[in-house]
Amino acid sequence: MGENSFLTSSPFAVGGYMLCSATLLISNKIAVYVLPAPSFILFAQLIGTVLVVKGAAGLGYIQPDKLEWSKAKSFFPVALIFLSTIFMNIKSLQYANVETFMVFRFSTPICISVADYLFLGRQLPSQRSWFSLLALLGGAVGYAMTDSHFQVQGYFFCALWYLIFCMDQIYLKHIINTVEMQSNWGRVYYSNLLAAMPLIFTFAGDSSEIEALRNMTFNGFAALSLSVFLGAAMSYFAWTARSLLSATSFTIVGNVCKLLTIMINMFLWNKHASPFGIACLLFCLTAAYFYKQAPMRKELDGKDEEALLPK
């Protein structure tokens, strides 16, 4: 009982999500670099996660929800938004360096905190939290002015990702609150299975991706395998953490883990930011530390705000 309660607790979910989020971004960057087939990489991540769930269920380790039409209908929009977010993530990494992508990521909590208030019943952030969110934006602007690898195409895909990502954070939290599932593995199974289906036609109709798959090297296969493994773990931890945190808090937790991403990126790639740019990103992460999750509006006045990270 104690072990099961720990596996569904905030520290376990947030810790797992932070670790997977930090490493998956780098893994995808490497995978796209050695295997320029982003649609197939995404398909492999999604269908690989489905196979992991079915395999674990067949061995009796987990009990995911069975495939039902009523639940599938509710998860079709989830799969579409989920797919669009991840695909734009990969396309952004194909044309822009990791730090550029994370600038957009750091600024999303401002938009999502307002959407939390408008659509999910949260209070607006406190004065301290507003300063934290504005500091995040200020650090992002400071970095953008130092980006020595500016590419219009890269920023275009990042901007598209930004819009879809904000929608993703709010709508998926809404689905968690309104669609009853027997376990978190059910959400993982439904979202990945439904999102994987359209990608079969996407990469199959792209001659450049088919050519890349024909010429896949061992390094390409290894990078793809690592990406699939991290994608499966990321899906589980993301759904679990999302169910335990507000949409804004979930977004900021994702931002905090990017410090590890930056450190790994600096050792692997030569397209990283200047020292001042890195300082701006670290400033963003420091600002995120001071954010506190806003309570639900229905809670009694005077109640202390819930801390972002569990004690």
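Our structure is the block above this text.
These figures come from a predicted structure and were not determined experimentally.

Procedures and definitions
Residues numbered from 1 in each chain as written. Predicted model: local features only at pLDDT ≥ 70, side-chain atom pairs only at ≥ 80, totals over all residues. Heavy atoms only, no water. Helix = DSSP H or I, 4+ residues; strand = E, 2+ residues; numbered from the N terminus. Contact = heavy atoms within 4.5 Å. Areas by Shrake-Rupley, 256 points an atom, 1.4 Å probe, with all protein chains shown as cover. Core = buried A, V, L, I, M, F, W, Y, C linked by side-chain atoms within 4.5 Å. Buried < 20%, exposed > 50% of the residue type's maximum accessible area, 1.4 Å probe, protein only. Phe/Tyr/Trp six-rings, centres within 6.5 Å; stacked < 30°, edge-to-face > 60°. Lys NZ or Arg CZ within 6 Å of the ring centre and 35° of its normal.

Undergrad: Hey, could you run me through the overall build of the chain in this one?
TA: A tally of regular secondary structure across the chain gives 13 helices and 2 strands. Partitioning the contacts of the chain with sequence separation of at least 6, the portion at a separation of at least 24 is 87%. Looking at the chain as shown, the accessible area adds up to about 14,800 Å², and 67% of this sits on carbon and sulfur atoms.

Undergrad: Sorry if this is basic, but what is going on with the nonpolar core here?
TA: The nonpolar side chains of a soluble globular protein tend to be buried, and buried together. Of all hydrophobic cores here, the largest spans 55 residues; its most connected members are Tyr-17, Phe-40, Leu-42, Leu-46, Phe-75, Leu-224 and Trp-239. Of all the elements in the fold, those that place two or more residues in this core are helix H2 (10–34), helix H3 (38–58), helix H4 (69–95), helix H7 (152–178), helix H8 (184–204), helix H10 (218–244) and helix H11 (247–256). Considering each element in turn, this core owes the most residues, 10 residues, to H10. In this view, Leu-42 contacts Leu-83, Ile-86, Phe-87, Ile-90 and Leu-199; residues no more than four positions away in its chain are not counted. If you look at the next biggest cluster of nonpolar residues, it comprises 39 residues, including Ala-96, Cys-158, Ile-278 and Ala-288.

Undergrad: Help me understand the side chain of Lys-71 in this model?
TA: If you trace the backbone, Lys-71 turns up in helix H4. Residue classification places Lys-71 among the buried residues on the basis of a relative accessible area of 13%. With near-sequence residues (within four places) excluded, Lys-71 lies in contact with Asp-65, Glu-180, Met-181 and Tyr-190.

Undergrad: Can you help me understand the packing of aromatic side chains in this one?
TA: The geometry of an aromatic ring pair comes down to the distance between the two centres and the angle between the two planes. Following the criterion strictly, the structure yields 13 aromatic pairs and no others. Taken together, a centroid distance of 5.1 Å and an interplanar angle of 85 degrees make the contact between Phe-40 and Phe-203 edge-to-face. Of the two residues, Phe-40 is situated in helix H3 and Phe-203 in helix H8; the sequence distance between them amounts to 163 residues. There is no split in this pair, since Phe-40 and Phe-203 are both buried. Of the aromatic side chains, those joined through ring pairs into one cluster are Phe-12, Trp-185, Tyr-236 and Phe-237. Across from the ring centre of Trp-239, 5.8 Å away, lies the NZ or CZ of Arg-242, which sits over that ring.

Undergrad: Explanation requested: the side chain of Ser-132 in the structure shown.
TA: Inspection of the secondary structure puts Ser-132 in helix H6 (residues 127–144). Residue contacts for Ser-132: discarding those within four places in its chain leaves Ala-287, Ala-288, Phe-290 and Tyr-291.

Undergrad: Mind showing me how you'd approach H11 here?
TA: An α-helix turns once per 3.6 residues; consequently, residues spaced three or four apart project the same way. In terms of residue burial, H11 counts as a mostly covered element, since 9 of its 10 residues are buried. Within H11, the full set of buried residues consists of Ala-247, Thr-248, Ser-249, Phe-250, Thr-251, Ile-252, Val-253, Gly-254 and Asn-255.

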